[in-house]
Amino acid sequence: MHVTREMFNDVMVPNYNPANMIPVRGEGSRVWDQDGNEYVDFAGGIAVNVLGHCHPELVKVLNEQGAKLWHLSNVFTNEPSIRLAKKLTDATFADRVYFANSGAEANEAALKLARRFALDHYGESKDQIISFKQGFHGRTFFTVTVGGQAAYSDGFGPKPGAVDHCDYNDLAAFEKLISDKTCAVMMEPLQGEGGIIVPDPDFVKGVRELCDKHNALLIFDEVQSGVGRTGHLYAYMGLGVTPDILTTAKSLGGGFPIGAMLTTTEIAASLKPGTHGSTYGGNPLACAVAEKALDIVNTEEVMQGVLAKEALFRKHLDAINEKYHVFSEIRGQGMLLGCALNDKYKGRARDFMMAATEHHLMCLVAGANVIRFAPSLVIPDEDIELGLARFEKAVAQVVNAEQDSAA
Ligand SMILES: *Cc1c(COP(=O)(O)O)cnc(C)c1O
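Residues numbered from 1 in each chain as written. Predicted model: local features only at pLDDT ≥ 70, side-chain atom pairs only at ≥ 80, totals over all residues. Heavy atoms only, no water.

- For the chain, an unreviewed UniProt entry supplies the name Acetylornithine aminotransferase and the organism Alteromonas arenosi.
- The UniProt entry for the chain carries the following text under Catalytic activity (unreviewed entry): "N(2)-acetyl-L-ornithine + 2-oxoglutarate = N-acetyl-L-glutamate 5-semialdehyde + L-glutamate".
- Quoted verbatim from the Pathway (unreviewed entry) field of the UniProt record, the comment on the chain reads "Amino-acid biosynthesis; L-arginine biosynthesis; N(2)-acetyl-L-ornithine from L-glutamate: step 4/4." (UniProt positions renumbered as here; feature names shortened; annotations may be inferred.)

Pasting the structure below:
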């Protein structure tokens, strides 16, 4: 069957508006479309393809496990999931792991666990969940309600209750909101979808202290910031603040769908047999690939590389900005960077992204005002240079079109 982009509009639910080309093949940080055009990939499947496309070691383990055992359900356990859980707990604060298939599912588990833990230990009245404006936690009804954009949760009927939102980085407002009725606080230790907002370290420390004071669990949603993206295995390690529950997905499977919730033995005890579950969660195929991705990422070499690549990105982005004056700020950490547009270009991030695609660079936006880069952690320096040369052409195109229309 010959497939075209037009067919998408005929057969798909219209909730997405993908680019006009259809990618068919990827290798490292390069992607090719149906017509053989080559793209540099700074989008990384939205912070997922942590080792690029078709990394040989991931392909190898996928093929090996694929020829051995894919799926059992949770009526039986399997070796790859136990190995991956052991490695995740060895590498983090956590003692226990629950596997899911996505970030939203990992967060759904975290929120349900926090509510159940509070019920077990403090009774029914301790049910408030505090989260942050512009935060993003997934698209299930509970997670979208906890997320900080009403536009994503309105229009679907009654929402799960006892969820309150606070301004990010505003400790005074947070202190007013939290009380002994608070059962959990969910936050991204670096807001991704909300615009690549780096937290103030004192704010995060203050949130931790207030959670302790009120016996509220601190949940870090590291679905986007985790698995080496910030130059630390998890962003909490760079902040020096340890959560009670951590969720991870996106980069965790290097492109294969998997999510996980990590916590301590004491908290995990509230998820007794039958309280929660997933048919596919912890399947051997996903866990085997994720185990290999974690082995490769969790090395000094890759972490140091992330910081060096961030410096290379920043050097070129600063130079582009000196020439074209489009950004108010380049922000973010490691391989999760955002170019915030200045007042003149406010609201036009999507125009820059579309122009980049025309110049054969794949990138992302984070809201209407921020162009986002979330490439592979091992993207070769020459691909960074080439991609940013293409990005400069895209920026020039948008700037020149603006000047033409102003003249
Ligand atoms: C992407 C994302 C999610 C949702 O993950 P899915 O796999 O799309 O369900 C949750 N939290 C954060 C911080 C994310 O960036």
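### Considerations on the nonpolar core
Across soluble globular proteins, nonpolar side chains show a tendency to be buried alongside one another.
Item 1. Core analysis: the biggest nonpolar cluster contains 83 residues, and Ile-371 and Phe-391 have the highest contact counts within it.
Item 2. The leading source of residues in this core is helix α12 (residues 284–297), at nine residues.
Item 3. Counting contributing residues per domain, this core is built from domain 1 (5–54 + 300–406) and domain 2 (57–297), each supplying no fewer than three.
Item 4. One finds Tyr-98, Ala-100, Val-163 and Cys-183 within the second-largest nonpolar core, a separate group that totals 21 residues. (Core = buried A, V, L, I, M, F, W, Y, C linked by side-chain atoms within 4.5 Å. Buried < 20%, exposed > 50% of the residue type's maximum accessible area, 1.4 Å probe, protein only. Helix = DSSP H or I, 4+ residues; strand = E, 2+ residues; numbered from the N terminus. Domains from an automatic or database assignment.)

### Details of the UniProt feature "binding site: pyridoxal 5'-phosphate" (unreviewed entry) in the chain
Item 1. As recorded in UniProt, the sites labelled "binding site: pyridoxal 5'-phosphate" (unreviewed entry) are Gly-103, Ala-104, Phe-136, Asp-221, Glu-222, Val-223, Gln-224 and Thr-279. On the basis of their most widely separated C-alpha atoms, the annotated residues across 177 residues do not gather in one place, lying as much as 24.8 Å apart.
Item 2. The topology assignment puts Phe-136 in the loop between β5 (128–132) and α6 (141–146).
Item 3. Those residues in contact with Phe-136 that sit more than four places away from it in its chain are Tyr-152, Glu-188, Glu-193 and Asp-221.
Item 4. Relative to the helices and strands, Gln-224 resides in the loop between β8 (217–221) and α10 (235–239).
Item 5. Judged by its relative accessible area of 4%, Gln-224 falls in the buried class.
Item 6. Those residues within four positions of Gln-224 in sequence are excluded, and the remaining contacts are Ala-47, Gly-192, Glu-193, Arg-229, Lys-250, Leu-336 and Arg-372.
Item 7. For Gln-224, the side chain forms a polar contact with the side chain of Glu-193, separated by 3.2 Å. (Contact = heavy atoms within 4.5 Å. Polar contact = N/O pair within 3.5 Å; in protein donor to acceptor, adjacent residues only side chain to side chain.)

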